[in-house]
Amino acid sequence: MLYPVVSSIYAAIAAMCLLLTLLEGWASHDGWPPRRLLGLLACLVWPLPFVAFVGHDLLFRNAARLPELTSCAKRAGRPKIA
């Protein structure tokens, strides 16, 4: 329920970082030095761990649930204690 909101905020921040890196390069008329290419690559790569954690949580959410515990009195075949 909260994932779409958090994911949208995260994507907006990633897009803003990418845009700022592109605009800095355009304003400096410096071409495409390796540091700018690494900056653009970093803007695209840093959201991937978040995507991996969210995807893992969504896929394996039900697998981690513990079995429901019941009291001895509710188990079949056990006499009730007075």
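Below, the structure is looked at part by part. Predicted model, so just to flag it, every value in this text is computed and none were measured. (Residues numbered from 1 in each chain as written. Predicted model: local features only at pLDDT ≥ 70, side-chain atom pairs only at ≥ 80, totals over all residues. Heavy atoms only, no water.)

Description of the overall build of the protein
Okay, so step 1: Check the secondary structure of the protein and you find three helices and zero strands.
Okay, so step 2: Each helix (α) and strand (β) of the protein, taken in turn from the N terminus, gives the series α-α-α.
Okay, so step 3: For the protein, the proportion of its 82 residues judged to be buried stands at 11%.
Okay, so step 4: Within the protein, contacts between residues separated by at least 24 positions form 57% of all contacts whose residues are at least 6 apart in sequence.
Okay, so step 5: Just so you have it, the protein exposes about 7200 Å², and 72% of that area is on carbon and sulfur atoms. (Helix = DSSP H or I, 4+ residues; strand = E, 2+ residues; numbered from the N terminus. Buried < 20%, exposed > 50% of the residue type's maximum accessible area, 1.4 Å probe, protein only. Contact = heavy atoms within 4.5 Å. Areas by Shrake-Rupley, 256 points an atom, 1.4 Å probe, with all protein chains shown as cover.)

Here we look at helix α1 (residues 3-28)
Okay, so step 1: In this model, α1 (26 residues) spans 38 Å end to end at C-alpha, consistent with the 38 Å of a helix rising 1.5 Å per residue.
Okay, so step 2: Listed in full, the buried residues belonging to α1 are A14, T21 and G25.
Okay, so step 3: Summarising the contacts, the buried residues of α1 are in contact with α2 (34-45).
Okay, so step 4: Directly beyond the C-terminal end of α1, a positive phi value near 50° is found at H29. (Expected span 1.5 Å × (residues − 1).)

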